[in-house]
Amino acid sequence: MEKNDSIDLLFEAILTLKTKEECYKFFSDACTPKEIQAIAQRFTVGKMLYDKCVYNEIIEATGASTATISRVGRSINDGYKMVFERLKQNNE
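Below is a short write-up of the structure. Just so you know, the residues in each chain are numbered from 1, in the order the chain's sequence is written. In view of the model being predicted, local features appear only for residues whose pLDDT reaches at least 70, and side-chain atom pairs are presented and counted only at 80 or more, with totals across whole chains, interfaces and linings using the full set of residues. Side-chain calculation: all heavy atoms of the structure are included, whereas hydrogens and water are not.

## Topic: the overall build of the chain
For the chain, the helix and strand inventory stands at 6 helices and 0 strands. In this text, helices come from DSSP runs of H or I with a minimum length of four residues, and strands from runs of E with a minimum of two, each type numbered from the N-terminal end. Each helix and strand of the chain, ordered N terminal to C terminal, gives the series α-α-α-α-α-α. Along the first, second and third principal axes, the C-alpha atoms of the chain reach 35 × 30 × 30 Å. Burial statistics for the chain: of 92 residues in total, 15% are counted as buried. For accessible areas, the Shrake-Rupley method is used with a probe of radius 1.4 Å. Any residue's cover is judged against the shown protein chains and nothing else. Per element, the accessible surface of the chain, about 7,500 Å² overall, is 55% carbon and sulfur. Residue burial is assigned from relative accessible area. The probe radius is 1.4 Å, only protein chains are included, and a residue is buried under 20% of its type maximum, exposed over 50%, and partly exposed in between.

Encoded structure:
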């Protein structure tokens, strides 16, 4: 992704959020329910791929298409891995 001032401002705003409730409020204003659901689905697919789940399990759990799963699989890089590791540490 190419960096720019608008994206920087968005990320700075997201970094100010402190609770899930604040996230719900912000993202409800910034995105449509469908956009939030799509991001959440891709994130769940990414987590399941990271956890070595197979496509059939992911489809059953998320309803994602094989195209979405494949697309997410190609994009699991440092960003996803960093977040999944941090979530794992927080839950230990």
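## Looking at helix H5 (residues 66–74)
Residues of H5 that are buried: Thr68, Ile69 and Val72. For H5, the buried positions fall inside an angular range of 100° around the axis, keeping them on one side. Each C-beta atom gives one direction from the helix axis, and the arc is the one those directions make.

## What about the state of the cysteines?
The disulfide criterion is simple: two cysteine sulfur atoms within 2.5 Å. This model, assessed by the stated rule, comprises 0 disulfides. The thiol of Cys31 is unpaired, and the distance to the nearest cysteine sulfur, on Cys23, comes to 11 Å.

## A word on the side chain of Thr68
Secondary-structure assignment places Thr68 in helix H5. Judged by relative accessible area, Thr68 falls into the buried class, the value being 12%. Every residue in contact with Thr68, bar those within four places of it in the chain, is listed here: Gln41 and Arg42. It only takes one pair of heavy atoms within 4.5 Å for two residues to be counted as in contact.

## Quick notes on the packing of aromatic side chains
Ring pairs are drawn from Phe, Tyr and Trp, using the six-membered ring of Trp, whenever the two centres fall within 6.5 Å, and their geometry is named by plane angle: stacked under 30 degrees, edge-to-face over 60, tilted for the rest. A complete count under the given rule lists 5 aromatic pairs for this structure. With 6.2 Å between their ring centres and 35° between their planes, Phe43 and Tyr80 make a pair best called tilted. Here Tyr80 lies in helix H6 (residues 78–90) and Phe43 lies in helix H3 (residues 33–50), a separation of 37 residues in the sequence. Ring centres of Tyr50 and Phe84 lie 5.2 Å apart, and the angle between their planes is 45°; on these two criteria the pair is classed as tilted.

## Quick look at the packing of H3 against H6
A fitted line through C-alpha atoms represents every axis, and for helices the fit uses only the stretch in contact; the resulting angles, taken between N-to-C directions, go from 0 to 180 degrees. Relative to each other, H3 and H6 sit at 80°, their axes nearing to 11 Å. Taken together, H3 and H6 sit at an angle that is classed as roughly perpendicular. Contacts between H3 and H6 involve Arg42, Phe43, Gly46, Lys47 and Tyr50 from the former and Tyr80, Lys81, Val83, Phe84, Glu85 and Leu87 from the latter. Split into classes, the residues belonging to the contact of H3 with H6 amount to 6 nonpolar, 1 polar and 4 charged. Roughly parallel refers to an angle under 35 degrees, roughly antiparallel to one over 145, roughly perpendicular to one between 65 and 115, and oblique to any angle outside these ranges. Three classes are used, and their members are as follows: Ala, Val, Leu, Ile, Met, Phe, Trp, Tyr, Cys and Pro are nonpolar, Asp, Glu, Lys and Arg are charged, and the others, Gly among them, are polar.

## Section: the packing of helix H4 (residues 55–62) against H5
Any two packed helices are characterised by how steeply their axes cross, that is the angle between the axes, and by the distance between the axes. Interhelical geometry of H4 versus H5 gives an angle of 115° and a closest axis separation of 10 Å. Overall, the two elements H4 and H5 adopt an arrangement that is roughly perpendicular. When you trace H4 past H5, the crossing you get is right-handed. In contact with Tyr55, Ile58 and Ile59 of H4, H5 contributes Thr66, Ile69 and Ser70. Residues of the contact of H4 with H5, tallied by class, amount to 4 nonpolar, 2 polar and no charged. Two helices that cross are described as forming a left-handed crossing if the nearer one is turned anticlockwise from the farther one by less than a right angle, and a right-handed crossing if clockwise.

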